[in-house]
Amino acid sequence: MAIKSAKFIKSYATIEKMAETQTPEFAFIGRSNVGKSSLINMLTNKSNLAKTSSKPGKTQLINHFEINNVWNLIDLPGYGFAKVHARKKARFSTMILDYLENRRNLYSAFILIDSRLSPQRIDLEFVEWCGIKEVPFQLVFTKSDKMKKTALAENIGLFEAALYKQGWESLPNRFITSSKNRDGKDELVDFIESLIP
Ligand code: GTP
Ligand code: MG
């Protein structure tokens with residue numbers, strides 16, 4: 001299945017402001033600058049649906065997009081970038097954690113990991129938190145266009161080894177994407193649509 005329509009609905013500062021619904025919802029989350037908004041644009045074939053920036057901290061609200069009039073895609077602010085002001089960082093993280101913990105129609109979150117980096121503590125802690133809170137999630141390794149195949153495989157292997165060390169018995173699904181050369185698009189869209197009843 002393809003994404004035929006994608007429209008921006010609204011931005012919210014807190015989950016309380018979002019209407020309760022049973023519409024299947026999927027959310028993109030990850031460190032600031034990892035490429036969440038770019039990935040949404042790539043998946044929806046729109047260059048500017050979600051606002052992107054080379055500076056971290058661009059997405060500041062919970063942004064709701066409606067896809068094919070059937071499911072929701074949520075663009076969240078990023079976590080943990082040193083250059084984002086501390087007070088803002090705390091506000092983002094409350095917003096994100098509240099959303100993930102309490103959104104009843106969240107079918108799955110996608111945790112985006114920068115494939116250029118060796119496992120980062122902040123990502124591993126975030127994954128661990130999702131486990132404790134039973135937030136369903138998958139992993140997406142971004143910016144694969146910047147990596148040679150072997151180095152990419154090495155970083156993914158290290159990340160997954162770190163998850164086993166955390167005590168996970170099985171691993172979530174894993175996607176490798178590039179918003180630049182559009183890699184991973186069909187796999188991700190097909191996976192999302194396979195979860196929709
Ligand atoms: P925040 O909203 O600040 O949390 O960031 P974000 O995760 O939404 O990142 P965003 O999509 O704004 O992208 C951040 C920067 O990374 C931009 O300069 C993008 O052009 C770049 N970028 C994102 N995805 C890719 C990718 O797949 N490949 C390459 N080469 N650059 C990318
Ligand atoms: Mg963003």
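Since the model is a prediction, treat every value here as computed from it, not as a measurement. (Residues numbered from 1 in each chain as written. Chains lettered and ligands numbered in written order. Predicted model: local features only at pLDDT ≥ 70, side-chain atom pairs only at ≥ 80, totals over all residues. Heavy atoms only, no water.)

Participant: Looking at this structure, how should I read the overall build of the chain?
Facilitator: Tallying secondary structure elements over the chain gives five helices and seven strands in all. Shown N-terminal to C-terminal, the secondary structure of the chain runs as helices and strands in the order β-β-α-β-β-α-β-α-β-α-β-α. For a compact globule of 197 residues, the expected C-alpha radius of gyration is about 16 Å, and the chain comes in at 16 Å, within 12% of that figure. For the chain, the spread of C-alpha atoms along the three principal axes comes to 40 × 40 × 35 Å. Burial statistics for the chain: of 197 residues in total, 48% are counted as buried. In the chain, once contacts between residues fewer than 6 apart in sequence are set aside, the share between residues at least 24 apart is 75%. (Helix = DSSP H or I, 4+ residues; strand = E, 2+ residues; numbered from the N terminus. Rg over C-alpha atoms; globule rule 2.2 N^0.38 Å. Buried < 20%, exposed > 50% of the residue type's maximum accessible area, 1.4 Å probe, protein only. Contact = heavy atoms within 4.5 Å.)

Participant: Help me understand the environment of Lys51 in this model?
Facilitator: Along the chain, Lys51 falls in the loop between helix H1 (36-44) and strand E3 (62-67). Sequence separation between Lys51 and Ser115 is 64 residues, and the spatial gap between their C-alpha atoms is 21 Å. Setting aside residues no more than four positions away along its own chain, Lys51 makes contact with Ser37, Lys58 and Thr59.

Participant: What should I look at first to understand the packing of aromatic side chains in this one?
Facilitator: Both the distance between ring centres and the angle between the ring planes are used here to describe each pair of aromatic rings. Taken as a whole and judged by the stated rule, the model has 12 aromatic pairs. The structure contains a cluster of three or more aromatic residues connected by ring pairs, namely Phe26, Phe28, Trp71, Tyr107, Phe110, Phe175 and Phe191. (Phe/Tyr/Trp six-rings, centres within 6.5 Å; stacked < 30°, edge-to-face > 60°.)

Participant: It is not clear to me how the site of ligand 1 should be interpreted in this structure. Could you clarify?
Facilitator: Taken together, 22 residues lie around ligand 1, and Lys36, Ser38, Gly57, Asp145 and Ser179 are the ones closest in. Here an oxygen atom of ligand 1 and a side-chain polar atom of Ser32 are 3.2 Å apart. Contact distances for ligand 1 include 2.7 Å between an oxygen atom and a backbone N or O atom of Gly57. In isolation ligand 1 exposes 650 Å². Once the protein is present, 87% of that is buried. (Near = heavy atom within 4 Å. Polar contact = N/O pair within 3.5 Å; in protein donor to acceptor, adjacent residues only side chain to side chain. Areas by Shrake-Rupley, 256 points an atom, 1.4 Å probe, with all protein chains shown as cover.)

Participant: So what exactly am I meant to see when it comes to the pattern of salt bridges here?
Facilitator: When the charged atoms of two side chains with opposite charge come close together, those side chains can pair. Applying the stated criterion across every chain, the model contains seven salt bridges. Asp114 is the salt-bridge partner of Arg116, the closest N and O atoms lying 2.7 Å from each other. Here Glu160 makes a salt bridge to Arg174, at a shortest N to O gap of 3.0 Å. With Glu160 in helix H4 (residues 149-166) and Arg174 in strand E7 (residues 174-176), this residue pair connects regions lying 14 residues apart in the sequence. Residue Glu160 is classed as buried on the basis of its relative accessible area, which comes to 13%. (Salt bridge = Lys/Arg side-chain N within 4 Å of Asp/Glu carboxyl O.)

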